[in-house]
Amino acid sequence: MKKKLALYTGCLMSTEQYGYELSVRESLPLLDVQLVDIAGFSCCGEPLKSVNQLLTLYLSARNLAIAEKHNLDVFAPCAMCHLALSECKQVLQNNPDMKTRINEMLAAEELTFEGNGEIVHTVDLLHDHIGIEEIAKHVKKPLKGLKFATHYGCHLIRPSEIGRPDDSEHPVKIEAIISVLGAETAKYPEKLDCCGGILQINLDESALTKSGQKLKAVQNQGFDGLVDVCPWCHKMFDARQVKAGETVAAKLNVPVFYLTQLLGLAFGVKKEKLGLDFNISPVDKLEIG
Amino acid sequence: MSITDLTSMGEPQVELKKEINDRLSKLQDEVSDYCYQCAKCTSGCEAHKLLELEPHKIVALLKQGLIDEMVNSDIIWTCMSCFKCRERCPQKIAPVEILFALKNLAVAGGKQVPGKYTSVLQSVLSIGLIQDAQSVTTKDMKTKTRDDLGLPPLSKPDDPAKFQAGLMKIAVEKV
Ligand code: SF4
Ligand code: SF4
């Protein structure tokens, strides 16, 4: 059954994390997902929650309203966007006064938020909507002999009250997906540690330290690579890995992949099409694809 | 009409301040009734070891009504919004939400926002995104744009004036 979704591209993926966008656009259609591009989206507002929460709410409602106008559910590949949009939907559904107020503001752009649409992220889309069995049918080049550490991202699994794609303390869906692609995973004590990404805005050294500490742990435990599902986390672990290593006095050498890049590789898609050229971390070390 | 109301942090925003204060006093009531200072929030806090943030102390200070002290402190800007404190509090208190409210209040009160928050905000207010599309360099030093990669045009507000008109209502919104 074909699933048709509005691709909510957000800010970070669509302005620099092209490896995620390319691999999303390459691999998901192979699973019968039709991604629809819509013009006019804006930031989800999550990065500005510390500045003004009403602004966050407004921006998220605006994006959901645009998708509703096209009668489409929303696919947000970024964990931050997915949280902002999901929280907005929940807050406005439970607070009719706020909904009215936001809708009065949205009238400036002839938009209305109803709150009927669904919001999915890469992880629940793959695991819950498409399903492991279906994914298995498409695996052509199993990722044999590799062991990955997983990074879910704080925004993806918390706060559970809002409804998140996986469990807040024991998330397992990425592991299940990686396993059907033929690779291994293992638990590690730092699995739920934060990448520090949001601190890039005001305390960059600390952000780098957080990422550096996690990468160092992954490296020391003998994983072949790290897999993530959020452009903020990925930017920290991949593009900024060398700098992160410097802050924790470690020479880091950890290949970092988006889950959708591994998916594409296992489906037999060419490396170039999955944006692997943009991974700054040493992904070529693994000789896959 | 300009977007300075939201960007010029020098001008205190009276209405907005009032609204955030209301939010905080609601949180204060909750905290006073339920927090028993078990410090579970702090034990898992991602900013605790590295930056000495102690969410249970934030909660205690709120209980005492020492809001100005916190608003004027840099410590509130060390939270990395991992939401572990909110997730794990046995009393369903959310220190992270208190911190968001305190930071919002600092901004509405005209305090200088730290780091790159001003430029991020300015970018969102003018083009709708935290930054415009970048050209990105591959490992073998080739520079590529979205267009080069065959990606569709960047989705962003197509009429910035209209987009800003909506945002302006947040700045001038009367409660
Ligand atoms: S975990 Fe909850 S009850 Fe315990 S100190 Fe923190 S806020 Fe208070
Ligand atoms: S959300 Fe902030 S205060 Fe709460 S545990 Fe995470 S870093 Fe600490």
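Residues numbered from 1 in each chain as written. Chains lettered and ligands numbered in written order. Predicted model: local features only at pLDDT ≥ 70, side-chain atom pairs only at ≥ 80, totals over all residues. Heavy atoms only, no water.

Things to note about the packing of aromatic side chains
As enumerated under the stated definition, the model contains seven aromatic pairs over all chains in all. The interplanar angle of 85° and the centroid separation of 5.8 Å between the aromatic rings of phenylalanine 148 of chain A and phenylalanine 257 of chain A together place this pair among those described as edge-to-face. On the criterion of sequence distance, the pair formed by phenylalanine 148 of chain A in strand E5 (residues 147-150) and phenylalanine 257 of chain A in strand E8 (residues 256-258) is long-range, its members being 109 residues apart. Overall, phenylalanine 148 of chain A belongs to the buried group, its relative accessible area being 0%. Geometrically, the ring pair formed by phenylalanine 83 of chain B and phenylalanine 100 of chain B is tilted, given 6.4 Å between the ring centres and 45° between the ring planes. With phenylalanine 83 of chain B in the loop between helix H6 (67-71) and helix H7 (84-88) and phenylalanine 100 of chain B in helix H8 (residues 95-108), this residue pair connects regions lying 17 residues apart in the sequence. Judged on exposure class, the residue phenylalanine 83 of chain B and its partner phenylalanine 100 of chain B are both buried. The ring of phenylalanine 223 of chain A has lysine 147 of chain A lying over it, and the distance from NZ or CZ to the ring centre is 5.3 Å. Seen from the ring of tryptophan 77 of chain B, lysine 103 of chain B lies directly overhead, with NZ or CZ sitting 6.0 Å from the centre. (Phe/Tyr/Trp six-rings, centres within 6.5 Å; stacked < 30°, edge-to-face > 60°. Helix = DSSP H or I, 4+ residues; strand = E, 2+ residues; numbered from the N terminus. Buried < 20%, exposed > 50% of the residue type's maximum accessible area, 1.4 Å probe, protein only. Lys NZ or Arg CZ within 6 Å of the ring centre and 35° of its normal.)

Quick word on the sheet that holds strand E4 (residues 119-120) of chain A
Residue and element names in this part refer to chain A. The four strands lie next to each other as E2-E1-E3-E4, forming an open sheet whose pairing is parallel. Each edge of the sheet is formed by a strand with only one pairing partner; in this case those strands are strand E2 (33-36) and E4. Sheet topology note: the strand E1 (residues 3-7)/E2 ladder contains four bridges and is parallel. Bridged to leucine 5 within E2 is leucine 35. (Pairing = 2+ DSSP bridges.)

Side note on the state of the cysteines
Residues and elements named next belong to chain A. A complete count under the given rule lists zero disulfides over all chains for this structure. In this structure cysteine 11 is not part of a disulfide, and its nearest cysteine sulfur, from cysteine 43, lies 3.9 Å away. Here cysteine 194 stays free of any disulfide, with the sulfur of cysteine 154 as its closest cysteine sulfur at 3.8 Å. (Disulfide = S-S within 2.5 Å.)

Here we look at the domain arrangement of chain A
Residue and element names in this part refer to chain A. In terms of domains, chain A is made up of domain 1 (3-120) and domain 2 (122-285). The centre of domain 1, based on its C-alpha atoms, is set 23 Å off from the matching centre of domain 2. Summed over both partners, the interface of domain 1 with domain 2 buries about 3,000 Å², with 72% contributed by carbon and sulfur atoms. Interface area lost by domain 1 to domain 2 is led by Tyr20, Leu31 and Met80, which between them contribute 20%. Across the contact surface, domain 1 and domain 2 share one salt bridge. In this structure, lysine 235 engages glutamate 16 in a salt bridge whose closest nitrogen and oxygen atoms are separated by 3.4 Å. Here domain 1 is connected to domain 2 by eight residue pairs in polar contact (both at pLDDT 80 or more). Breaking the side of domain 1 that touches domain 2 down by element, the ones donating at least two residues are E1, helix H1 (12-15), helix H2 (18-27), helix H4 (79-94) and E4. Here the side of domain 1 that touches domain 2 takes eight residues from H2, the largest share from any one element. Tallied by class, the residues present in the side of domain 1 that touches domain 2 amount to 21 nonpolar, seven polar and six charged. (Domains from an automatic or database assignment. Buried area = accessible area lost by both parts, 1.4 Å probe. Salt bridge = Lys/Arg side-chain N within 4 Å of Asp/Glu carboxyl O. Polar contact = N/O pair within 3.5 Å; in protein donor to acceptor, adjacent residues only side chain to side chain. Nonpolar A, V, L, I, M, F, W, Y, C, P; charged D, E, K, R; others polar.)

Overview of the interface of chain A and chain B
If you look at the interface, chain A gives 71 residues, while chain B gives 60 residues. Both sides together, the interface formed by chain A and chain B hides about 5,700 Å², and carbon and sulfur atoms give 60% of it. The tally of links between chain A and chain B comes to six salt bridges. Among the ionic pairs, arginine 146 of chain B bridges to glutamate 21 of chain A, the shortest N-O distance being 2.8 Å. Linking chain A with chain B are 31 residue pairs in polar contact (both at pLDDT 80 or more), by the criterion used here. Counting only elements with at least two residues in the side of chain A that touches chain B, the list comes to H1, H2, helix H3 (53-69), H4, helix H5 (96-106), helix H7 (154-157) and helix H9 (204-220) of chain A. If you tally residues by element for the side of chain A that touches chain B, the top one is H3 of chain A, at six residues. (Contact = heavy atoms within 4.5 Å.)

Remarks on the sheet that holds E5 of chain A
Residues and elements named next belong to chain A. Strand order across the open sheet formed by four strands is E6-E5-E7-E8, with parallel pairing between neighbours. Of all the strands in the sheet, the pair left with one neighbour each is strand E6 (184-185) and E8. When E5 meets E6, the two strands line up parallel, connected through two bridges. Looking at the pairing, lysine 147 lines up with glutamate 184 of E6. Those strands touched by helix H10 (residues 231-239) are strand E7 (225-228) and E8, and its axis lies near 160° from that of E8. (Axes fitted to C-alpha atoms, helices over the stretch in contact; angles between N-to-C directions.)

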